[in-house]
There are 2 protein chains.
Amino acid sequence: MKNLEELREIIRNSISNIDLNRSPQELYDPISYTLNLGGKRLRPSLCLLAADMVGGNIEDALPPAIGIEIFHNFTLLHDDIMDKAAIRRGKETVHIKWDENVAILSGDTMMALAYEYIMKAPQTLRTKVFSVFNKTAIEVCEGQQFDMNFETRDDVSIEEYINMIRLKTGVLLAGSLKIGAIIGGAEKETANKLYKFGENIGIAFQLKDDLLDVFSDVEKFGKTTGGDIISNKKTYLYLNAFELATGDDLSELTELSFSKTVDAKEKVKKVKAIYENLGIQQVTESKIEYYYQRAKKCLDEIKLSLEKKSELVKFAEILKRREM
Amino acid sequence: MKNLEELREIIRNSISNIDLNRSPQELYDPISYTLNLGGKRLRPSLCLLAADMVGGNIEDALPPAIGIEIFHNFTLLHDDIMDKAAIRRGKETVHIKWDENVAILSGDTMMALAYEYIMKAPQTLRTKVFSVFNKTAIEVCEGQQFDMNFETRDDVSIEEYINMIRLKTGVLLAGSLKIGAIIGGAEKETANKLYKFGENIGIAFQLKDDLLDVFSDVEKFGKTTGGDIISNKKTYLYLNAFELATGDDLSELTELSFSKTVDAKEKVKKVKAIYENLGIQQVTESKIEYYYQRAKKCLDEIKLSLEKKSELVKFAEILKRREM
């Protein structure tokens with residue numbers, strides 16, 4: 001069995017070999033740019049890993065794995081327009097480097113390209129793979145819409161938030177594993193358990209992201225700590241703080257959230273102090289542990305040798321322990 | 001055999017029965033709005049017609065036909081963002097009625113929905129139908145990109161223009177017919193001839209659109225005559241005028257194109273006069289006739305009875321003769 005790093009290398013090679021030297025260049029250059037921005041290639045690597053661990057052929061899973069990565073990059077491209085983000089992976093986003101119209105249209109084309117690769121799954125499994133992928137694609141869009149809705153809502157529940165990150169982050173990790181498993185010839189139960197593993201790990205992953213935005217070293221994390229606080233993003237930390245705060249904490253939190261004059265650095269410092277006061281870090285860590293354990297349980301229930309499952313166990317632990 | 005109007009009715013019913021009562025509403029309401037704006041439902045009706053004329057089952061072709069119409073509406077939705085169009089079919093466009101982010105994301109979701117319906121083609125034909133559709137989807141994006149490129153280019157050739165409208169308008173009509181034919185069980189040659197028929201008719205259709213923008217009654221056409229002239233759109237008429245004009249005509253045309261002070265009504269009047277002087281209407285009409293004849297030839301070569309082909313003959317004639 002190959003380890004995740006070896007699989008990542010296969011994905012990297014395969015992506016760099018995609019021929020995007022097509023006309024019109026104005027459409028394909030941004031696609032090539034986007035696909036070559038790098039990134040962890042997590043989803044396609046997990047897809048190959050799933051195929052491998054259930055005893056299937058990595059080669060069979062490779063084109064759909066690439067399709068998943070193209071789709072993922074398409075969502076980032078369109079999300080960056082919606083979020084008005086100027087930088088992605090240290091480089092200008094497409095709508096800044098080119099323009100918004102180019103970003104919309106090259107994103108649309110990437111979506112079609114993603115389907116092209118998905119449909120290169122082995123003939124007999126094509127419909128099944130397509131169904132998992134398409135359900136996932138729609139759910140990712142739904143997650144993004146919920147995320148946008150939350151920006152202007154003041155009554156977002158923690159449950160709704162978890163469901164949003166499940167859709168926005170969980171299901172694509174889940175779908176990647178399930179598609180790999182299906183192509184590898186896994187039994188239905190195994191494929192579904194891998195799906196659930198991915199979904200839970202995805203939620204834990206996003207919660208960890210929320211946590212690291214506030215409680216991490218700038219040097220390690222690479223982005224300014226507290227970005228979510230500055231933008232009043234309704235993260236897991238934010239929602240729990242409002243749930244737990246009373247008295248002075250609550251009025252200060254409310255004031256800081258609505259104030260337009262408070263200095264950004266000052267705001268981060270003050271909100272962080274309230275979070276510490278309320279034990280938000282611990283609340284979040286315990287929720288991450290909860291989803292991590294749920295994921296682990298799915299993996300335990302899969303009827304495969306420990307050795308076959310070891311890469312995924314390692315992967316889950318790395319995600320849990322990551323500090324950036 | 002059913003006629004085009006009867007098929008259109010089947011499509012209309014089917015579209016109104018699509019269940020979009022899903023969450024989040026903010027994502028699905030704009031989709032429902034877009035799909036229920038009306039329109040001629042030309043592409044899906046042609047898809048059913050092709051299935052019917054080659055002796056196939058209309059019911060089998062219905063889901064992919066709906067997928068084609070969803071895709072077509074998705075392209076209109078995203079095109080309207082790119083063109084900053086405020087009105088579509090007499091109603092506010094999605095990015096105006098909601099906002100741009102909603103328009104991007106509900107468009108993306110429509111694309112996924114389109115694939116869902118495409119993949120409801122009969123199992124044994126699914127891959128084939130998918131291939132035709134996906135190639136078409138990518139080409140439509142390419143056509144839109146060429147169209148955007150042309151806005152800022154001064155050296156667009158007539159050949160390039162024809163290729164652009166082939167991609168933007170021709171291939172989806174063509175693909176609709178081919179998909180219907182494939183599902184109906186047509187021989188490869190028949191399916192390909194129907195494709196070519198659609199492609200040529202699509203080009204003729206767009207050229208007619210260009211013509212009607214300048215030479216038609218406002219009452220009949222429904223939109224202000226001369227919109228393309230006002231916006232300096234590089235239409236077939238525009239490109240030919242620049243190709244044919246010499247001396248005073250050329251300098252006046254150039255001046256009118258670049259002037260930012262000339263009154264819109266005055267500009268339309270003057271450009272139209274030059275077009276008349278140069279015989280641009282006749283040049284365009286003869287090109288429409290050329291593509292119409294090419295389409296007709298494809299149809300003639302299809303080995304089916306005249307009766308079976310009569311609906312498509314009628315359809316082509318209506319398109320050619322239309323005055324709005």
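Residues numbered from 1 in each chain as written. Chains lettered and ligands numbered in written order. Predicted model: local features only at pLDDT ≥ 70, side-chain atom pairs only at ≥ 80, totals over all residues.

A word on the overall build of chain A. When helices and strands are counted, chain A shows 16 helices and 2 strands. A compact globule built from 324 residues should have a C-alpha radius of gyration of about 20 Å, and chain A, at 20 Å, falls within 12% of that. Each of the three principal axes of chain A carries a C-alpha extent, and together these read 65 × 50 × 35 Å. Sorting the 324 residues of chain A into buried and exposed places 48% on the buried side. (Helix = DSSP H or I, 4+ residues; strand = E, 2+ residues; numbered from the N terminus. Rg over C-alpha atoms; globule rule 2.2 N^0.38 Å. Buried ≥ 20, exposed ≤ 12 C-beta atoms within 10 Å, placed from the backbone.)

It is worth spelling out helix α13 (residues 247-258) of chain A at this point. Relative to the 16 Å expected for 12 residues at 1.5 Å per residue, α13(A) spans 17 Å between its end C-alpha atoms, a close match to the ideal helical length. Counted residue by residue, α13(A) has 1 buried out of 12 residues, so it is predominantly exposed. (Expected span 1.5 Å × (residues − 1).)

With that out of the way, let us pick up the packing of helix α12 (residues 236-244) of chain A against helix α15 (residues 280-301) of chain A. All names here are of chain A. Packing of α12 against α15 leaves a shortest axis separation of 10 Å and a crossing angle of 120 degrees. Taken together, the axes of α12 and α15 lie oblique to each other. Between α12 and α15 lies a crossing of right-handed hand. Residue-level inspection shows Tyr 236, Leu 237, Asn 240 and Ala 241 of α12 in contact with α15, the latter providing Ile 280, Val 283, Thr 284 and Lys 287. For the contact of α12 with α15, the residue count by class is 5 nonpolar, 2 polar and 1 charged. (Axes fitted to C-alpha atoms, helices over the stretch in contact; angles between N-to-C directions. Parallel < 35°, antiparallel > 145°, perpendicular 65-115°, else oblique. Left-handed = near helix turned anticlockwise from the far one by under 90°. Contact = placed C-beta atoms within 7 Å. Nonpolar A, V, L, I, M, F, W, Y, C, P; charged D, E, K, R; others polar.)

Residue and element names in this part refer to chain A. Here Asp 60 lies in helix α4 (residues 58-82). Distance from Asp 60 to Ile 183, taken between C-alpha atoms, is 6.8 Å for residues 123 residues apart in sequence. The contact partners of Asp 60, leaving out residues within four places of it in the chain, are Ala 51, Pro 122 and Ile 183.

Right, let's get into the relation of the copies chain A and chain B. Superposing chain A onto chain B takes a rotation of 180 degrees combined with a translation of 0.0 Å along the rotation axis, leaving an RMSD of 0.0 Å. The operation mapping one copy onto its partner corresponds to a two-fold rotation axis. A high fraction, 100%, of the interface residues of chain A reappear at the interface in chain B, so the copies pair face to face through one surface. (Least-squares fit on C-alpha atoms with pLDDT ≥ 70 in both.)

On to the interface of chain A and chain B. At the interface, 29 residues of chain A touch 29 residues of chain B. Residue assignment for the side of chain A that touches chain B shows that the elements contributing at least two residues are α2 (25-35), α4, α6 (100-118) and α7 (126-151) of chain A. Top element by residues in the side of chain A that touches chain B is α7(A). It accounts for 13 residues. In terms of residue class, the side of chain A that touches chain B is built from 16 nonpolar, 8 polar and 5 charged.

A word on the confidence of the model for chain A. Looking at chain A as a whole, the pLDDT averages 95, with 97% of positions reaching at least 70. ipTM for the predicted complex: 0.95, alongside a pTM of 0.96. (pLDDT = per-residue confidence, 0-100.)

Now for the environment of Ser231(B). Turning to its location among the elements, Ser231(B) is positioned in the loop between α11 (227-230) and α12 (236-244). Distance in space between the C-alpha atoms of Ser231(B) and Ala264(B) is 9.3 Å, their sequence separation being 33 residues.

Attention now moves to helix α16 (residues 306-321) of chain A. In a regular helix each residue adds 1.5 Å, so 16 residues correspond to 22 Å; α16(A) covers 21 Å between its end C-alpha atoms and thus fits that length. If you look at α16(A), its biggest bend is around 25 degrees, right at Leu312(A). (Bend = angle between axes of the 7 residues up to and from the residue.)

Bringing unusual backbone geometry into the picture now. Following Ser23(A), the chain continues into Pro24(A) via a peptide bond in cis, with omega recorded as 0 degrees. Inspection of the secondary structure assignment puts Pro24(A) in the loop between α1 (4-16) and α2. Phi at Lys84(B) takes a positive value of approximately 55 degrees, unusual for a residue other than glycine. With respect to the helices, strands and loops of the structure, Lys84(B) is situated in the loop between α4 (58-82) and β1 (87-88). The phi dihedral of Arg89(B) is positive, around 50 degrees, even though this residue is not glycine. By secondary structure assignment, the location of Arg89(B) is in the loop between β1 and β2 (91-92).

Turning next to the environment of Leu35(B). All names here are of chain B. Residue position: Leu 35 is located in helix α2 (residues 25-35). For Leu 35, a count of 21 C-beta atoms within 10 Å corresponds to the buried category. Sequence separation of Leu 35 and Ile 70 is 35 residues, and the distance between their C-alpha atoms is 7.1 Å.

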